[in-house]
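Observations on the three-dimensional arrangement
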Amino acid sequence: MKITVIGTGYVGLVSGTCFAEMGNKVTCIDIDQSKINKLKQGVIPIYEPGLEAMVIRNYDRNTLKFSTKLSENLDGCDIAFIAVGTPTGDDGSADLKYVLQVAKEIGESMTTPLIVVDKSTVPVGTADKVRATISQELENRQVTIDFDVVSNPEFLKEGDAISDFMKPDRVVVGADNPASAEKMKQLYATFFRSGSARFIAMDVRSAEMTKYVANAMLATKISFMNEVANICERVGADVNDVRIGIGSDSRIGYSFIYPGCGYGGSCFPKDVKALHRTAKEHGYEASLIGAVETVNDAQKLVIAKKVVKRFGEDLTGKTFAVWGLSFKPDTDDMREAPAIYIIKDLVARGASIKAYDPKAMHEAQSFYLKGVSKVTYHNSKYETLPGSDAMMLLTDWKEFRIPDFEELKTQLKQPVVFDGRNQYDDKAMKDMGFEYFQIGKQP
Ligand code: UGA
């Protein structure tokens, strides 16, 4: 099929590249000329394992093209995916200005019948707005061209995006017109064995809702466990054991019940907020969903609170080694990362920070921690240790899992570790002589 993907952010670039990999003719569009120029040279704006090689391979074999001109890439196109950003507006709702701007341009320039797909995470009712915008433009042009608007939310995880896309758990398509659902089924048929139950068709509004509910449910599991962890600490229980104890119940399961220093990223914080807001707009106070966010905001500072309890409110003259800045491993993404909040809190109390992250240091330096004084960046995890009063593990990168504990102990001024991801064995740490603080268990 001939496909146009508008927006070369995470979702757009991964989707476009994977559709191209399956032999479709894909053009990825972005208004950012320098980004498009770089993509043509095989320079990928994000870190995502496997993506760069796939982009280069498909660009070379002509299944993947890049352009800044949407109007030149709609003629004869079967499906246009809208995958532009939906940032959080001041009131917590998703800001649709980019999505509707693209819809307007599609209406202004489409020449042949088209299925327009909302791939961005958009609130319930957005497809109707996209449809109305395109219709208005066609009316202005006084032309009649067949089109339909379909919702096809994306469920990929950063760091696993390629495999999530190529081997999806499920593909959700919301289409009110059966012919559009059928066309989408054909597009995704290459990703499944025929007759797979993993292609789930429903009406447009249910598909739009499914995306938010999936993320809000996962975020709820995390906030629930973080709350349980905070109770465990106070009653003398160990959340690590409690987690295994409840996860063994197949109705609960083990996934997404790891306590930590709070969820971050571009999706959970934004989507939980937006769902809460959508409910409010429809006259319903979704108190549980609101609480998921409140618990998470507080959880991001739990590690900082432990540091203060151990070293005092005034941290002047203290230095902390930070291992991990990104919101999760295998990405350079620092959006809403707990590290931002923890580091700023400690610096405000007078501390200095020696940070290391395998991928996110550039992001930190140039944007998320730009201008935050007293933060230095180091080339390896061990370089952060000399002169530091304690080490703080904030992202569960694999390379932090089994460090050289002897080096960790001897290089730090004192063997104190704050673990925001419960990566180490409590007893083993103590036997090695560490003062070990983790989430959900008293030291
Ligand atoms: C999330 C969803 O998992 C994807 O299914 C969804 O498609 C995506 O959002 C999206 O809406 O685009 P992502 O934000 O990449 O994906 O990250 P996750 O792997 O889900 O992790 C989110 C956060 O939760 C991280 O900060 C992670 O450390 C935290 N987390 C995760 C926990 O604290 N505990 C857990 O048990 C699991």
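Model, not experiment: these values are computed from the prediction.

What follows covers the sheet that holds strand S11 (residues 375-377). For sheets, the rule is that strands pair by backbone hydrogen bonds, running either parallel or antiparallel. With parallel pairing, six strands are arranged side by side in an open sheet as S11-S10-S9-S12-S13-S14. Each of the sheet's edge strands pairs with one partner strand only, and the pair in question is S11 and strand S14 (435-438). Pairs of neighbouring strands in the sheet enclose a mean axial angle of 20°, with direction left out of account. With four bridges joining them, strand S13 (residues 416-419) and S14 adopt parallel strand pairing.

What follows deals with the site of the ligand. Around the ligand, 20 residues are found, and the nearest of them are Glu158, Tyr258, Tyr263, Gly265 and Cys267. Looking at the shell around the ligand, the element that brings in the most residues is helix H8 (residues 204-235), giving three residues. The residue inventory of the shell around the ligand, partitioned by class, reads eleven nonpolar, five polar and four charged. Formed jointly, the shell around the ligand draws a minimum of three residues from each of two domains, domain 1 (2-202) and domain 2 (212-298).

Here the domain parsing of the protein chain yields domain 1 (2-202), domain 2 (212-298) and domain 3 (300-438). Between the C-alpha centres of domain 1 and domain 3 there is a distance of 39 Å. Partitioned by chemical class, the residues of the side of domain 1 that touches domain 3 number two nonpolar, one polar and one charged.

With burial as the criterion, each face of strand S12 (residues 390-393) is covered, one bearing Ala390 and Met392 and the other bearing Met391 and Leu393. The pairing of strand S9 (residues 319-323) with S12 spans four bridges and is classified as parallel. In the strand pairing of S12, alanine 321 is matched with methionine 391. As judged from the three bridges shared by S12 and S13, these two strands associate in the parallel manner. By the bridge assignment for S13, methionine 391 is matched with valine 417. A crossover links S12 with its parallel partner S13, the connecting element being helix H15 (residues 405-411), and its sense is right-handed.

About the thresholds
- Residues numbered from 1 in each chain as written.
- Predicted model: local features only at pLDDT ≥ 70, side-chain atom pairs only at ≥ 80, totals over all residues.
- Pairing = 2+ DSSP bridges.
- Helix = DSSP H or I, 4+ residues; strand = E, 2+ residues; numbered from the N terminus.
- Axes fitted to C-alpha atoms, helices over the stretch in contact; angles between N-to-C directions.
- Near = placed C-beta within 6 Å.
- Nonpolar A, V, L, I, M, F, W, Y, C, P; charged D, E, K, R; others polar.
- Domains from an automatic or database assignment.
- Buried ≥ 20, exposed ≤ 12 C-beta atoms within 10 Å, placed from the backbone.
- Right-handed = clockwise from strand over helix to strand, strands pointing away.

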